[in-house]
Amino acid sequence: MPTTVTAHGTAAQKTFLLPDLGEGLTEAELVRWLVAVGDTVAVDQPIAEVETAKAIVEVPTPFGGTVAVLHGEPGSTLDVGAPLITVAEVTPSGAEVTSGGAEVTPGGAEVTPSGAEVTPSPDEIYRTEERAGSRGRPEDSGSGNVLIGYGTAGGTVGGRTRRRKGAPPSSATPAAEPSRTTAPGRAVRVVSPIVRKLAADLGITLGSISGSGPDGLIMRRDVESAGVTSAPQGVTSPQQAVTSAPQGVTSPPQGVTSATHGVTSAPQGVTSAGETDAKTGLGIASRTPVTGVRKAVAQAMVRSRTEIPEATVWVDADATELVKLRSDLKRRDPDTTPSLLAFIARFVLAGLVKYPELNTRLEETAEGAQEIVRFDGINLGFAAQTDRGLMVPAIRGAHRLSARQIDAELRRLTGLARDGKASPADLTGGTFTLNNYGVFGVDGSAAIINHPEAAILGIGRIIDRPWAVDGELAVRKVVQLTLVFDHRVCDGGTAGGFLRFVADAVEQPGSVLADL
């Protein structure tokens, strides 16, 4: 993990730089500090909450000691690699000293007595990240749990202290390296902490994955692909406990000057009185910065509409029998009866098995050609409206689940998303998306495809409408289904066949459920 180290008398100051919180993400908004200047912190103690385009996460410190500087104010935006927190760490009395006067901490970080910073090179940072969590550590080193599964930049037992260029050789006698308990092997090629976290969430060993990136670098798509193949049969209960933020957290004292490198001050949102818009002549009530989730949604929507030649088909379906079926089940088993959305989701999964062209993704090869990637399994995403904006959690391995299990996952993931506790693994990896805009009281919508997926199915409200039944007019429960699809991956016949299959299942649920 990137760090900088300085020495001041008998205390070494270590600055923790904001790590890459997600593959491709370059910044994060500082929501709040969980510690204050002067507080004593332990290794792996959460020190701040930051918001990325994916979720709000707690960032733990890889260092123990006394908080010296908080680099940023709540509401500000920090660049990846910018200083986050500086911790003063008292140097042990047994620290080694080189012949040139440079002090070496037990973790292997070199500190100059003059107070000049020593910033590791990119290669050293990479080696430190890869080494973290893989071998034993001294008690004072990082524990390897930054963002749980990311790895901290701690020293390792038997590690050798590196000398700066031009520095004289150390007069200290190196400690004998203990015998290895495991066979040496090639370091796992992972750079992004979000890839490590995703693998940990899915229970996947990174060493078992072949990377598709440069020089075998393991990318997010490699972990997601492995996750689809090895998805467990069972699902987590919706009553699974969610860890809350630490209690009794004190805010930073006023008057503390924070570093400004890589930090953008957050706009206040409300403009000064009297400001007038030049184009309309109207007064401007407020200005809201596009950040966090809203920024990510905007970028994804623009990319989808720019890159995907979409087409739309829709159909009205008589859902009377489905509503009746669920009502009967609800009377017999009120606690575990699946929702109507869970039933429709199960029909969609069956339809995707029959029409797999819609469960695909279009990718460009290294030569610039295009290829359609078809998946062996389905990760079903669904749109969830939250206070932070639109989220799309994904039910991994949904094709293996029953309607009851799907309902449990819908409730669990919706709760996590609305509480801001959904992990990056929960919000990525979907291969097809459901959008239940009927909850907003509307009948239909031409939804935007969740890039890079190939299709999205919209579900309108179920309302009473006149409907012809056996040549006579009757009042029935009617729902409109709308499919938006990427015309590059399939033609209208496939899209129409899939939509008709789902509509038939809604109208005659008994016949379809008998085959599932």
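Visitor: Can you lay out the overall build of the protein chain for me, pointing to particular residues and giving the numbers?
Guide: Within the protein chain, the regular secondary structure consists of nine helices and 24 strands. Relative to its full complement of 516 residues, the protein chain shows a buried share of 44%. Partitioning the contacts of the protein chain with sequence separation of at least 6, the portion at a separation of at least 24 is 63%. As presented, the protein chain carries roughly 25700 Å² of accessible surface, and 51% of it is formed by carbon and sulfur atoms.

Visitor: Describe in detail the confidence of the model for the protein chain, supporting the description with residues and values.
Guide: Detailed reading of the predicted coordinates is not advisable wherever pLDDT is low. With 67% of its residues at a pLDDT of 70 or more, the protein chain has an overall mean of 76. Every residue in residues 169-185 is under pLDDT 50, and counting partners more than four places away or in other chains gives 14 contacts.

Visitor: Before we move on, can you summarise the pairing of strand 3 (residues 27-33) with the specific residues and values?
Guide: As judged from the three bridges shared by strand 3 and strand 8 (residues 77-79), these two strands associate in the antiparallel manner. Looking at the pairing, glutamate 27 lines up with aspartate 79 of strand 8. Bridge count for strand 3 against strand 5 (residues 46-51) is four bridges, and the pairing is antiparallel. Along strand 5, the bridge assignment pairs arginine 32 with glutamate 49.

Visitor: Lay out the pattern of salt bridges in plain terms, naming residues and giving numbers.
Guide: With the rule as written, the count across this model stands at 19 salt bridges. A salt bridge links aspartate 333 to arginine 404; the nearest nitrogen and oxygen atoms lie 3.7 Å apart. One end of the pair, aspartate 333, is in the loop between helix 5 (320-332) and helix 6 (340-354); the other, arginine 404, is in helix 7 (residues 403-418), with 71 residues separating them in the sequence. Of the charged contacts, one joins aspartate 443 and arginine 465 as a salt bridge, the two residues approaching to 3.2 Å between their closest N and O atoms. Taken together, the residues span a long stretch of sequence, with aspartate 443 in the loop between strand 21 (432-435) and strand 22 (455-459) and arginine 465 in strand 23 (residues 463-469) at a distance of 22 residues. On the accessibility criterion, aspartate 443 (25% relative accessible area) is partly exposed. The network of salt bridges with shared partners includes Asp316, Asp443, Arg461 and Arg465.

Visitor: Report on the side chain of threonine 414, specifying residues and quantitative values.
Guide: Mapped onto the elements of the fold, threonine 414 is located in helix 7. A polar side-chain atom of threonine 414 sits 2.6 Å from the main-chain carbonyl oxygen of leucine 410.

Visitor: Lay out the packing of aromatic side chains in plain terms, naming residues and giving numbers.
Guide: Following the criterion strictly, the structure yields one aromatic pair and no others. On the numbers, 5.8 Å between centres and 65 degrees between planes, the contact of phenylalanine 432 with phenylalanine 498 is edge-to-face. Pair noted here: phenylalanine 432 is in strand 21 and phenylalanine 498 is in helix 8 (residues 492-507), with a separation of 66 residues, a long-range link. Overall, the relative accessible area of 0% leaves phenylalanine 432 in the buried class. Taking the relative accessible area as the measure of exposure, phenylalanine 498 reaches 0% and is therefore buried.

Visitor: Tell me about the packing of helix 6 against helix 8, residues and numbers included.
Guide: Axis separation between helix 6 and helix 8 bottoms out at 9 Å; the angle between their running directions is 145 degrees. Here the hand of the crossing between helix 6 and helix 8 comes out right-handed. The residues of helix 8 that touch helix 6, namely those facing Ile344, Phe347, Val348, Ala350, Gly351, Leu352 and Lys354, are Phe498, Phe501, Val502, Ala505 and Val506. Class assignment for the residues of the contact of helix 6 with helix 8 results in ten nonpolar, one polar and one charged.

Visitor: So what about the environment of arginine 196? Which residues, and what values?
Guide: Along the chain, arginine 196 falls in helix 2 (residues 193-202). Residue class for arginine 196 comes out buried when judged on its relative accessible area of 11%. The spacing of arginine 196 and arginine 220 is 24 residues in sequence and 8.9 Å in space, taken between C-alpha atoms.

Visitor: Explain the side chain of threonine 15 to me, and be specific about the residues and the numbers.
Guide: Following the sequence through the fold, threonine 15 ends up in strand 2 (residues 11-17). According to the relative accessible area criterion, threonine 15 is buried, its value standing at 9%. Polar side-chain contacts of threonine 15 include one of 2.9 Å to the side chain of threonine 86.

Visitor: Could you give an account of the nonpolar core, naming the residues involved and the relevant values?
Guide: Core analysis: the biggest nonpolar cluster contains 55 residues, and Phe432, Leu481 and Leu483 have the highest contact counts within it. Phe16, Val35, Val59 and Ile85 belong to the second largest nonpolar core, which has 18 residues in total.

Visitor: Let's hear about a nonpolar patch on the surface: which residues, and what values?
Guide: A cluster of nonpolar side chains, namely Val439, Phe440 and Val442, defines an oily patch on the protein surface of about 300 Å² accessible area. If you trace the backbone, valine 442 turns up in the loop between strand 21 and strand 22.

Visitor: Break down the environment of valine 59 for me, with residues and values.
Guide: Here valine 59 lies in strand 6 (residues 56-60). Expressed as a C-alpha distance, the spacing of valine 59 and glutamine 45, which sit 14 residues apart in the sequence, is 8.3 Å.

Definitions and cut-offs
Residues numbered from 1 in each chain as written. Predicted model: local features only at pLDDT ≥ 70, side-chain atom pairs only at ≥ 80, totals over all residues. Heavy atoms only, no water. Helix = DSSP H or I, 4+ residues; strand = E, 2+ residues; numbered from the N terminus. Buried < 20%, exposed > 50% of the residue type's maximum accessible area, 1.4 Å probe, protein only. Contact = heavy atoms within 4.5 Å. Areas by Shrake-Rupley, 256 points an atom, 1.4 Å probe, with all protein chains shown as cover. pLDDT = per-residue confidence, 0-100. Pairing = 2+ DSSP bridges. Salt bridge = Lys/Arg side-chain N within 4 Å of Asp/Glu carboxyl O. Polar contact = N/O pair within 3.5 Å; in protein donor to acceptor, adjacent residues only side chain to side chain. Phe/Tyr/Trp six-rings, centres within 6.5 Å; stacked < 30°, edge-to-face > 60°. Axes fitted to C-alpha atoms, helices over the stretch in contact; angles between N-to-C directions. Left-handed = near helix turned anticlockwise from the far one by under 90°. Nonpolar A, V, L, I, M, F, W, Y, C, P; charged D, E, K, R; others polar. Core = buried A, V, L, I, M, F, W, Y, C linked by side-chain atoms within 4.5 Å. Patch = residues over 30% accessible without salt bridge, like charges linked within 9 Å, V, L, I, M, F, W, Y side chains within 5 Å.

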